[in-house]
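Secondary and tertiary structure notes
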Amino acid sequence: MHIHRYEKWWLTFGLASLIIFLVILGISAFHQGHQPPSAKAIINYEQVDQIKPFNEPGLKKVEGKEWDYELVVVASAFYYGPGEVEIPEGAKVKIIATTKDVVHGFQVAGTNINMMLEPGYISEYVTTFSKPGEYLVICNEYCGTGHHTMKSMFKVVEKE
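Residues numbered from 1 in each chain as written. Predicted model: local features only at pLDDT ≥ 70, side-chain atom pairs only at ≥ 80, totals over all residues. Heavy atoms only, no water.

A few points about the side chain of Ser152
- With respect to the helices and strands, the residue Ser152 is situated in strand β10 (residues 151-157).
- In this structure the side chain of Ser152 is engaged in a polar contact, spanning 3.1 Å, whose partner is the backbone oxygen of Pro82.
- Here Gly83 takes part through its backbone oxygen, which lies 2.7 Å from a polar atom of the side chain of Ser152.
- With sequence-adjacent residues up to four places away left out, Ser152 is seen in contact with Tyr80, Pro82, Gly83, Glu84, Tyr135, Leu136 and Val137. (Helix = DSSP H or I, 4+ residues; strand = E, 2+ residues; numbered from the N terminus. Polar contact = N/O pair within 3.5 Å; in protein donor to acceptor, adjacent residues only side chain to side chain. Contact = heavy atoms within 4.5 Å.)

This is how it looks when you write it as structure tokens:
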């Protein structure tokens, strides 16, 4: 089989471009410290209701940490616990979430909060709610026949 001289040039150019791209991507990821999520925070998903802090889901004020509140969320079959939460405006909140049964999504509409909740793993996200209003929490991972009913509400209220 005969390959034309220009085809060889373009094949060489394309392959070299691909290799350069992958090397740059790898070096930048290593240099910036990017790594896949680890399984450092694990939990026995069959006993979520007996393990702290998931035995008392809800919003709690904390002292001595870089965030003001901790919001503990437990997802289960077509339900987020708690169903509704009032958060003070401007509060820095650490969301700590897990699931008891299958993979669920955790997306807060109108924000950049988007986590995947997997049985046996604890997902965390720190954010500040700076605008008052109602924020719908939805499941964006298909979890069964009642998936479309799985929702919760964050109400960000003005400070008094």
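That shown, we press on.
Section: the pattern of salt bridges
- What the rule picks out here adds up to five salt bridges.
- Of the charged contacts, one joins Lys100 and Asp49 as a salt bridge, the two residues approaching to 3.2 Å between their closest N and O atoms. Taken together, the residues Lys100 in the loop between β5 (91-99) and β6 (104-108) and Asp49 in the loop between α1 (5-31) and β1 (58-61) connect sequence positions 51 residues apart.
- Ionic pairing is found between Glu70 and Lys65, a salt bridge with its closest N-O pair at 3.3 Å.
- The exposure class assigned to Lys65 is partly exposed, which follows from its relative accessible area of 46%.
- Ionic contacts of the salt-bridge type, sharing partners, join the residues Glu84, Glu134 and Lys155 into one network. (Salt bridge = Lys/Arg side-chain N within 4 Å of Asp/Glu carboxyl O. Buried < 20%, exposed > 50% of the residue type's maximum accessible area, 1.4 Å probe, protein only.)

Concerning unusual backbone geometry
- Residue Pro53 is bonded to the preceding Lys52 through a cis peptide linkage, with omega at 0°.
- Note that Pro53 resides in the loop between α1 and β1.
- Of the consecutive residues Gly81 and Pro82, the connecting peptide bond is found in the cis state with omega at 0°.
- In the Ramachandran plot, Phe78 falls in the positive-phi region, its phi being about 65° despite a non-glycine side chain.
- Position of Phe78 relative to the elements: it lies in the loop between β2 (69-76) and β3 (79-81).

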